[in-house]
Amino acid sequence: MANHKSAEKRIRRNQRRSEVNGARVSRIRTYIKSVETAIASGDKTAADAALKAAQPEIHRGVSKGVMHKNTAARKLSRFSSRIKQLG
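As a starting point, this report considers the structure included with it. It should be emphasised that the depicted structure is a prediction, and the values quoted were computed from it without experimental measurement. (Residues numbered from 1 in each chain as written. Predicted model: local features only at pLDDT ≥ 70, side-chain atom pairs only at ≥ 80, totals over all residues. Heavy atoms only, no water.)

## Considerations on the overall build of the protein chain
Then comes step 1: Per the secondary structure count, the protein chain includes three helices and zero strands.
Then comes step 2: A principal-axis box enclosing the C-alpha atoms of the protein chain has dimensions of 60 × 20 × 15 Å.
Then comes step 3: Put simply, the protein chain has 87 residues, and 23% of those count as buried.
Then comes step 4: Of the contacts formed within the protein chain by residues at least 6 apart in sequence, a portion of 60% connects residues at least 24 apart.
Then comes step 5: Roughly 6300 Å² of accessible area belongs to the protein chain as shown, and the carbon and sulfur atoms make up 49% of that amount.
Then comes step 6: Here the protein chain holds 21 positive side-chain charges and 6 negative ones, and the gap between their average locations is 7 Å. (Helix = DSSP H or I, 4+ residues; strand = E, 2+ residues; numbered from the N terminus. Buried < 20%, exposed > 50% of the residue type's maximum accessible area, 1.4 Å probe, protein only. Contact = heavy atoms within 4.5 Å. Areas by Shrake-Rupley, 256 points an atom, 1.4 Å probe, with all protein chains shown as cover. Lys, Arg positive; Asp, Glu negative; His and termini not counted. Charge placed at Lys NZ, Arg CZ, Asp CG, Glu CD.)

Here it is as C-alpha cells:
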C-alpha cells in the first residue's frame, strides 16, 4: 500500500491509464482481425476497405504509445502485400 499522497495518486492514475490503453489495444486488435477475416475470405474490395479503416486506428495506437511504430509499419506492409496478391 502507498505511504504518500503522491504514490496514492500515481496508483489511481496508473489504473485509469491501464484501462484506457487496454481499450485502445483491444480496438486495434478488432480492426486487425477484421482485415485478417477479409483477406481470408478472398474478397479484395472488402479487404481493402477493412485495411483503410484499420490504418488510422493503428497509427493512432502508435501516437498514443500502445504500439511500436515498427510493429505498425510491419503489419500494414504485410497486410497491403497480402491484399495485393489477392488480385
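## Points about the nonpolar core
Then comes step 1: Of all hydrophobic cores here, the largest spans 15 residues; its most connected members are Ile 32, Val 35, Ile 39, Ile 58, Met 67 and Phe 79.
Then comes step 2: Looking at this core, the elements that each hand over two or more residues are α1 (5–41), α2 (44–64) and α3 (69–86).
Then comes step 3: If near-sequence neighbours (up to four positions away) are discounted, Ile 39 is found in contact with Ala 47, Phe 79, Arg 82, Ile 83 and Leu 86. (Core = buried A, V, L, I, M, F, W, Y, C linked by side-chain atoms within 4.5 Å.)

## Focus on the pattern of salt bridges
Then comes step 1: Within this structure, the stated rule accounts for four salt bridges.
Then comes step 2: With a closest N to O distance of 3.1 Å, Arg 82 and Glu 36 form a salt bridge. Here Arg 82 is found in helix α3, whereas its partner Glu 36 is found in helix α1, with 46 residues between them in sequence.
Then comes step 3: Relative accessible area serves as the criterion here: at 32%, Glu 36 is assigned to the partly exposed category.
Then comes step 4: With a shortest N-O distance of 2.9 Å, Arg 60 and Glu 57 are connected by a salt bridge. One end of the pair is Arg 60 and the other is Glu 57, both in helix α2 and three residues apart, which spans about a single turn.
Then comes step 5: Taking relative accessible area as the criterion, Glu 57 reaches 8% and is therefore assigned buried.
Then comes step 6: Residues participating in the shared-partner salt-bridge network are Arg 27, Glu 57 and Arg 60. (Salt bridge = Lys/Arg side-chain N within 4 Å of Asp/Glu carboxyl O.)

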